[in-house]
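Summary of structural features
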Amino acid sequence: MKNSLKQTDSEIWEAIKGEEKRERDGLELIPSENYTYPEVLEALGSVLTNKYAEGYPGKRYYGGQEFTDKVETLAIERAKELFGADHANVQALSGSPMNQAVYLAICQPGDTIMGMDLSHGGHLTHGAPVSHMGKLFNFVRYKTNPDAGGAIDFGEVRKLALKHRPKIILCGYTSYPRTYDYAQFRKIADEVGAIAMADVSHIGGLIAGKAMRNPFDDGFDVVTTTTHKTLRGPRGALILSRGKVSNPMKQVEFTKENLPTILDKSVFPGLQGGPHMNTIAGIAVALKKASTDDFRAYAKQVLVNAKAMAQVFADKGVDMVTGGTDNHMIVVNTINTYSMDGKEAETLLDKVGITVNRQVVPDDPNPPFRPSGIRLGTPAMTARGLGADDVRLVAGWIDDVLRAGTGADIEGVRGQVLELSRSYEAGLKSRG
Ligand SMILES: *Cc1c(COP(=O)(O)O)cnc(C)c1O
């Protein structure tokens, strides 16, 4: 039983050690990534992975559920409490199956769903033509308006909704540096009798930490979120719903009261088999952490740090999508600013130990593999303990390196990155 991984499989062990070092030495700016807590890793590596627990607490298809029921019930209760939901499903294996489960619960193949266009910040699972869901359902995509500073044009959203009468109006983003007016989506959904759904995968932790607005406060029906981004949990997802709101649900055949059951059945047995109980334990641990004052301070600091970075970029004349940020991320148009596509920028920053990802910008003329920009964010750096002064330095280095291009002082900047990063090693440990 006690054979160590190092002895049994040194190749995998070495790869894991390499990743540990990479995560420690570099600065992680990919806005969808984070450092989870040691306690979550402990739960993930537990014997709960051995157990089949098809079904839900108290209603399983296998015996021996004394402890799995305890774990899943705690995860559900904590999720409901933290997000103010009436119901929570914690079994979706990740963000993509989470959204699939909701669509398949509410819609029939061919039904219409409205979501945000991919190049304007929506997620692949919001109906991108390359996704299976994009083929199965009729997705109508709304965009942002460059004439309104890159904000969502609600006049257009309403017009599209009245024309196409979607069953779900979906908001949520993967690359949009602003907040939403959820109430406007809710109003439009009411007008056409649609479900109002928010996929807050990127900002779930910021909502849990009370640093950003909760869509349930504007009467949303369904809220989905991944658990591994700003929530700092394991890779997983939450499907949250509210049972009793007053939308007449003209178009949809079920009532609000049975929405939770329909969502649960859609996840299992509709879409998945046995839940990953070790992950669900990790989610429960992360949710407990997310209800603390420490976490609320973290969520606030994520936003403070993003604003600090955006200010440095603004002062240096960097072209940012929407001109700045209200959340944890910044999208930089590197073609306009540095005459360099997102792939080149990503590669150059990799060399100095700063990890960002290439990103399409609204109506990007360039292909996704070589898009016009990069996306960066503060959740992971903030988890390590970096404050506003630190991230201002980092923003300065990013601008220096990209502006200098091939003439950049790679060694010099890499040394500074390493020094800053290592000075927060203790922070990484104590904060998880
Ligand atoms: C990350 C993300 C997802 C998908 O999550 P995966 O776990 O990568 O499948 C879905 N929606 C949004 C808005 C996201 O940001």
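The shown structure was predicted, so the numbers you read here are calculated from the model rather than taken from an experiment.

**As for the domain arrangement of the protein chain**
In terms of domains, the protein chain is made up of domain 1 (43–290) and domain 2 (293–430). For domain 1 versus domain 2, the distance between C-alpha centres works out to 28 Å. Both faces combined, the contact of domain 1 with domain 2 buries some 2100 Å², and carbon together with sulfur accounts for 57% of it. Scanning the region where domain 1 abuts domain 2 turns up two salt bridges. Notably, a salt bridge pairs Lys-143 with Asp-363, separated by 3.0 Å at the nearest N-O pair. In this structure, the connection of domain 1 to domain 2 is made through 15 residue pairs in polar contact (both at pLDDT 80 or more). Contributing elements (two or more residues each) for the side of domain 1 that touches domain 2: α9 (204–208) and α11 (277–290). Partitioned by chemical class, the residues of the side of domain 1 that touches domain 2 number ten nonpolar, twelve polar and five charged.

**Side note on the site of the ligand**
As a matter of local geometry, the ligand sits amid 14 residues, with Ser-94, Gly-95, Ser-96, Asp-199 and Lys-229 nearest to it. Between the ligand and Gly-95 there is a distance of 2.9 Å, counted from an oxygen atom to a backbone nitrogen or oxygen. Between the ligand and Lys-229, the relevant distance is 2.8 Å, taken from an oxygen atom to a side-chain nitrogen or oxygen of the residue. Contact with the protein chains covers 87% of the free accessible surface of the ligand, which is 380 Å². Counting residues per element, the shell around the ligand draws most heavily on helix α5 (residues 95–106), which supplies three residues. Split into classes, the residues belonging to the shell around the ligand amount to one nonpolar, eleven polar and two charged.

**Digging into the sheet that holds strand β15 (residues 357–359)**
With antiparallel pairing, three strands are arranged side by side in an open sheet as β13-β16-β15. The sheet is open, and its two borders are formed by β13 (329–333) and β15, each paired with just one other strand. Each strand of the sheet is rotated relative to its neighbour by a mean of 35 degrees, with strand direction disregarded. As defined by bridge partners, β13 adjoins strand β16 (residues 373–377) across five bridges and the pair is classed as antiparallel. Following the sheet pairing, Val-332 is matched in β16 by Ile-374. Relative to β13, helix α12 (residues 293–315) is tilted by about 20 degrees, and along the sheet it contacts β13 and β16.

**Comments concerning the pattern of salt bridges**
Overall, the coordinates contain 21 salt bridges when judged by the stated rule. Its salt-bridge partner being Glu-346, residue Arg-358 comes within 3.0 Å of it at the nearest N-O pair. Of this pair, Arg-358 sits in strand β15 while Glu-346 sits in helix α14 (residues 342–351); the two residues are twelve residues apart in sequence, bridging distant segments of the chain. With respect to class, Arg-358 is no different from Glu-346; both count as buried. Where salt bridges share partners, they join Lys-21, Asp-25 and Arg-422 into one cluster.

**Concerning the packing of α5 against helix α10 (residues 259–271)**
In the contact formed by α5 and α10, the axes pass within 9 Å of each other and the chain directions differ by 120 degrees. Read as a crossing pair, α5 and α10 show a hand that is right-handed. Here α5 contributes Pro-97, Gln-100, Ala-101, Val-102, Leu-104, Ala-105 and Ile-106 to the contact with α10, which in turn contributes Leu-259, Ile-262, Leu-263, Ser-266, Val-267 and Leu-271. Class assignment of the residues belonging to the contact of α5 with α10 gives a composition of eleven nonpolar, two polar and no charged.

Calculation notes
- Counting from 1, residues in each chain are numbered in the order their sequence is written.
- For a predicted model such as this one, the threshold for reporting local features is a pLDDT of at least 70, and the threshold for listing and counting side-chain atom pairs is 80 or more; totals across whole chains, interfaces and linings nevertheless cover every residue.
- With hydrogens and water excluded, all non-hydrogen atoms of the structure serve as input to the side-chain values.
- Boundaries of every domain are those given by an automatic assignment or by a domain database.
- For any pair of parts, buried area is found by adding up, for both, the accessible area (1.4 Å probe) each one loses once the two are put together.
- The term salt bridge refers to a pairing of a side-chain nitrogen on Lys or Arg with a carboxyl oxygen on Asp or Glu at a separation within 4 Å.
- For the purposes of these results, a polar contact is taken to be a pair of N or O atoms within 3.5 Å, where, inside protein, one atom must be able to donate a hydrogen and its partner to accept one; residues adjacent in sequence count only when each atom of the pair is a side-chain atom.
- Here a strand is any run of E in DSSP of at least two residues, a helix any run of H or I of at least four, and the numbering for each starts at the N terminus.
- All residues other than Ala, Val, Leu, Ile, Met, Phe, Trp, Tyr, Cys, Pro, Asp, Glu, Lys and Arg, Gly among them, are scored as polar; the first ten of these are nonpolar and the last four charged.
- Note on terminology: near, applied to a residue and a molecule or strand, indicates that one of the residue's heavy atoms is within 4 Å of it.
- Note on areas: Shrake-Rupley, 1.4 Å probe, and residue coverage restricted to the protein chains presented here.
- For two strands to count as paired, DSSP must find a minimum of two bridges between them.
- For helices, the fitted axis covers only the stretch in contact; all axes are lines through C-alpha atoms, and the angles between them, taken along N-to-C directions, range from 0 to 180 degrees.
- By the convention used here, residues are in contact when the closest approach between their heavy atoms is within 4.5 Å.
- The rule is simple: take the accessible area with a 1.4 Å probe, protein chains only, and divide by the maximum for that residue type; under 20% is buried, over 50% is exposed, in between is partly exposed.
- Helix crossings fall into two classes, left-handed where the near helix is turned counterclockwise from the far one by less than a right angle and right-handed where it is turned clockwise.

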